[in-house]
Structures are given as C-alpha cells and as structure tokens.
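Coordinate inspection notes
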Amino acid sequence: IRHGYTFSFITNSALFPRISSLFSRGTRKKALNRVCLSLDGATEKIHDFNRGAGSYRQVMEAIAQYHALCLPMALQMSVGTFNRHEIEAMALLSNQLHATDLYYAHIMPTRKNMEKGLLLSPEESLRAEDEVKRLQEAMKIPIFLSVGNHNPSPFYQCVALTMQRLNIDYLGRLTLCCQVSNYQGCKTKDGIPDVIADLHTTSLA
C-alpha cells in the first residue's frame, strides 16, 4: 500500500467477521478495489449444493455487512452442470444486491469436480459464454468472463502471465496462477506447493 499498489480479493465470506475490521477504514480501505464473493447460485438450494448447507445465507449476511461498511462488493459465479440454468438469474440478483461487477468462471476440472459430474462439456461451455455475452449487452451491471474462459487467440496470455496482476494466497505467498496453484491442496511431485515466494521472508521487488 505504501508503494501505491491497489488490491482486491475473492472469498467465500466464511472468515468475514474476523477480517472485516482490517478493511473498514484507513489506507487499506482506500487501496481496496473490491471484495469479490463466490456465489454459485441465485437460489439457496443451488449455491448450497456445491458450497455446503448454510453457505448461501452466510454470503448474504456478508453482503449486508460490506454495504454497511461502504466496501465495493463484486460477485463471481463458477458455472457447472448444476447451475448452468441460473446464469441469467444470477445477473438479475447481482443487480438487485448492488454489486459493482459480476464475473462468470468455469468450474475447475479437479478430480473431485469431475467425479461429481460438475463440468460442462466444451460445447456447452461455449454456449454458456455466449449467454453471458448477451447479458453483457442487456444488463446495466458490468459483467465479465473470468479467467479460464475460451479465448480464440493462439497467443493469448492471462493477466498473471503478462504481469498485469499478481496473485497472493491467504498465507501471504506469491503464486503463479490465481486459478490452479495449490488448488484444493494440489502439490508438485516433490511435495512442495506451487509457490514462487513467501512474502513474509522475500520482498515483492
């Protein structure tokens, strides 16, 4: 923050009561671009199917608190077979909740997600992205396709590889990728998480 960096973070809101005071005032609040909450369904039943019972209400409580603290709040929906039909409903809900932005990502192809049959086929993924693009034109709320969506360019590089954005995990470690580095406990062959540096011991410079 002292060097002029801004930041944002994505959360399932489980720890919000413990961390809200860190961003409610002072320089951290000024440097905060937004808090992005994971919300995988416009309805409680659909969101809790993937995130666990009670998590939908947890997110809604966090949204109310973010508004009370005047913190910018965005939403991200990870799209899979279980919630594909709620893409438009999510856009309408996000607008009602006064989110600053709405992001659509694809469910990551981890073993757990594949075994549960949560991944869309490549063809259905493209159809889902087309629906999001139509919503971008129809809705007032800014809507974006998140990292992991299809890009036809053979030379495409994401914001992490172009060094436009850096990803730091919840332990303060710089990672290469915001999507799959140490995803759900994934480790490299030598047993070490995919981490570039621990910023507690190594300067960002």
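No experiment lies behind these values; they were computed from the predicted model shown.

Reading guide: rules and limits
- Residues numbered from 1 in each chain as written.
- Predicted model: local features only at pLDDT ≥ 70, side-chain atom pairs only at ≥ 80, totals over all residues.
- Heavy atoms only, no water.
- Axes fitted to C-alpha atoms, helices over the stretch in contact; angles between N-to-C directions.
- Helix = DSSP H or I, 4+ residues; strand = E, 2+ residues; numbered from the N terminus.
- Left-handed = near helix turned anticlockwise from the far one by under 90°.
- Contact = heavy atoms within 4.5 Å.
- Nonpolar A, V, L, I, M, F, W, Y, C, P; charged D, E, K, R; others polar.
- Core = buried A, V, L, I, M, F, W, Y, C linked by side-chain atoms within 4.5 Å.
- Buried < 20%, exposed > 50% of the residue type's maximum accessible area, 1.4 Å probe, protein only.

**Some words on the packing of helix α5 (residues 87–96) against helix α7 (residues 122–138)**
- Running from N to C, α5 and α7 cross one another at 35°; their axes reach a closest spacing of 10 Å. Taken as a pair, α5 and α7 cross one another with a handedness that is right-handed. Residues I87, E88 and A91 of α5 lie in contact with α7, whose contacting residues are A128, E131, V132 and L135.
- Residues belonging to the contact of α5 with α7 are distributed by class as follows: five nonpolar, no polar and two charged.

**A closer look at the environment of Q58**
- Mapped onto the fold, Q58 is located in helix α4 (residues 55–68).
- A C-alpha to C-alpha distance of 6.9 Å links Q58 and S13, two positions 45 residues apart in sequence.
- Setting aside its immediate chain neighbours within four residues, Q58 contacts N12, S13 and A14.

**Thoughts on the nonpolar core**
- Within the largest apolar cluster, 33 residues are counted, with the highest numbers of intra-cluster contacts made by L37, Y66, L75, L102, Y104 and I143.
- Residue assignment for this core shows that the elements contributing at least two residues are α1 (16–23), β2 (32–38), α4, β3 (73–79), α5, β4 (102–106) and α7.
- Of the residues forming this core, the biggest block, five residues, is contributed by α4.
- Setting aside anything within four residues of it in sequence, one finds L37 in contact with T11, S13, V59, I63, Y66, M73, A74, L75 and Q76.

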